[in-house]
Amino acid sequence: MMKTFLFSFIYAIFTSVFFPSNSFPEFTPPSYQYKLIEKNLFESDEVLNIKLTGNLSELMNDKAENSQYHSLVLSYINEDSTEISIPLQAKTRGHFRKTIGNCSFPPLLLNFSKVNSAIQIPSIFSKQHKLKLVMPCHGEDYVIREWLVYKLYNLITPKSFRARLVKVTLDNTGKKKNPAPFYGILLEDEEQMAKRNKVVLINTKMMRPEDTETDAFLTMSVFEYFIGNTDWSIQYMQNIKFLAKDSNSICTTVPYDFDHAGLVDATYAKPAEELELSSVRERRYRGYCITDMGKFKKVIDLYNGLKNDFYNLYINCKLLDAKYVKSTTQYFDDFYKTINNPKQLYKEFSYPCDKNGTGNIIIKGLK
């Protein structure tokens, strides 16, 4: 305590003597400063306005399987109204959304790694290395809806990807006309998500769902049913990440990429033909065979306990139109009627036990 006082006293005398009033920035210990920076990016629900500047035509048209990095500058207005500009590398990513003809914009991977190690200018991106930027496929309304799905899963477990809604302005070098600003989503890097939960990422394909941590899997698979998402599989790590304490421990499953969910209800979203579903709004439980519904009790209690939070997330979101909010609450109503009706619960959640059904089809990825 005495050392801290003496340091502050000496620092105050030094700055008052050698620097005129208001010419030296307020002193903030770096560790405290960076904690605030790291917290602000994903723990704020405020829409962040960002601008991407560079040869965006070259970047967006690079949709090869092994796309290359392209130089960009990301800028935003800081809390003190100053503009922060950060040079970075970006490339297109994904499969369905990157395929030519499927979407208006491909999703991007923003790479800050080399920049943040080379410069010392504090920004809300100072602790970031790689971030996925979800771009609108067919209209930005679906981006907002997908962002809210991430927020739903955040309510369920911290072992989930955090997401920040952003308003993106594109400044294509050399082009006089640019598209109007649109909504996008910045997704937490998987390594940081794992570090936040004090675990590590595990990459093991062809793992059996039954070999993953049971409670986490049931929580996740019921969530996928809740939102009407069938575009996932454990075996192929399709829109699934694995977390574990170490390489010898049982894995926890973490879902992501929800644009084909019935809750999002995107115009371009269609279920895999093999599942024989009429639309993405039709729910299908895709866990493994369980006939004892008592094993779902803990999960059902969890979802019942979070019911008001789920509804309020949509009712209180000012970015949604009233019609969508109404259809969403009705979609939620159907889910809660099912999980709280023993007969309906058994019919839906024991479906993977039906050898003549499509509950055990493994999804490798939609084309």
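Refer to the structure printed above.
So, here's what we can say about the structure. Numbering of residues begins from 1 in every chain and follows the order in which that chain's sequence is written. Local features in this predicted model are restricted to residues whose pLDDT is 70 or higher, and side-chain atom pairs enter the listing and the counts only when it is 80 or higher, whereas totals over whole chains, interfaces and linings include all residues. Heavy atoms throughout the structure, all of them, feed into the side-chain values; hydrogens and water do not.

On to the overall build of the chain, then. Here a helix means four or more residues in a row that DSSP labels H or I, a strand means two or more in a row labelled E, and each is numbered from the N terminus. Within the chain, the secondary structure is distributed over eleven helices and ten strands. Accessibility throughout is a Shrake-Rupley quantity obtained with a 1.4 Å probe, and a residue counts as covered only by protein chains that appear here. Accessible area of the chain: about 19,500 Å², with a carbon and sulfur share of 53%.

Aromatic contacts are taken between Phe, Tyr and Trp rings whose centres are within 6.5 Å, Trp giving its six-membered ring; a plane angle under 30 degrees counts as stacked, one over 60 as edge-to-face, and the others as tilted. Counted according to the given criterion, the structure contains 27 aromatic pairs. Taking the centre distance of 5.9 Å and the plane angle of 80 degrees together, the rings of Tyr285 and Phe296 count as edge-to-face. With Tyr285 in the loop between strand S10 (252-255) and helix H8 (297-305) and Phe296 in the loop between S10 and H8, this pair connects stretches of sequence that are eleven residues apart. Each member of the pair Tyr285 and Phe296 is classed as buried. Relative accessibility under 20% of the residue-type maximum defines a buried residue, over 50% an exposed one, and the middle range a partly exposed one, all with a 1.4 Å probe and only protein chains included.

Attention now moves to the sheet that holds strand S6 (residues 163-172). One closed barrel holds the seven strands; their spatial order is S1-S2-S3-S4-S5-S7-S6, and the pairing between them is mixed. Strand-to-strand, the axes of this sheet are offset by a mean angle of 40 degrees, without reference to chain direction. Two strands pair if DSSP finds at least two bridges between them. Both S6 and strand S7 (residues 182-187) contribute to a ladder of six bridges, which runs antiparallel. From the neighbouring strand, Arg164 faces S7, where its bridge partner is Leu186. What counts as an axis is a line fitted to C-alpha atoms, over the stretch in contact for a helix, and the angles between N-to-C directions run from 0 to 180 degrees.

Another point: the pattern of salt bridges. Where charged atoms from two side chains of opposite charge approach closely, those side chains can pair. Any Lys or Arg side-chain nitrogen found within 4 Å of a carboxyl oxygen on Asp or Glu counts as a salt bridge. Taken as a whole and assessed by the stated rule, the structure comprises ten salt bridges. Between Asp215 and Lys298 there is a salt bridge, with its nearest N and O atoms 3.0 Å apart. Taken together, the residues Asp215 in helix H7 (residues 214-227) and Lys298 in helix H8 connect sequence positions 83 residues apart. Of the residues examined, Asp215 reaches a relative accessible area of 33% and is grouped as partly exposed. Judged by relative accessible area, which is 56%, Lys298 ranks as exposed. With its nearest N and O atoms 2.7 Å apart, the salt bridge here joins Asp301 to Lys297. One end of the pair, Asp301, and the other, Lys297, are both in helix H8, four residues apart, so they sit about a helical turn from each other. The class for Asp301 is partly exposed, based on a relative accessible area of 40%.

Two cysteine sulfur atoms make up a disulfide if the distance between them is within 2.5 Å. Throughout the structure, instances matching the rule amount to two disulfides. A disulfide bridge connects Cys103 with Cys137, and the sulfur atoms are separated by 1.8 Å. Judged by the sign of its S-S torsion, about -80 degrees, the cystine formed by Cys103 and Cys137 is left-handed. Linking Cys103 in the loop between strand S3 (83-92) and strand S4 (108-111) with Cys137 in the loop between strand S5 (130-134) and helix H5 (141-156), this pair joins segments that are 34 residues apart in sequence. Its relative accessible area of 10% is what places Cys103 among the buried residues. Each disulfide pairs two cysteine sulfurs, and for Cys289 the partner residue is Cys353, the sulfurs being separated by 2.0 Å. Given an S-S torsion of about 105 degrees, the disulfide between Cys289 and Cys353 has right-handed geometry. Pair noted here: Cys289 is in the loop between S10 and H8 and Cys353 is in the segment after helix H11 (342-349), with a separation of 64 residues, a long-range link. The class of Cys353 is partly exposed, set by a relative accessible area of 24%.

Geometry only, nothing functional implied.
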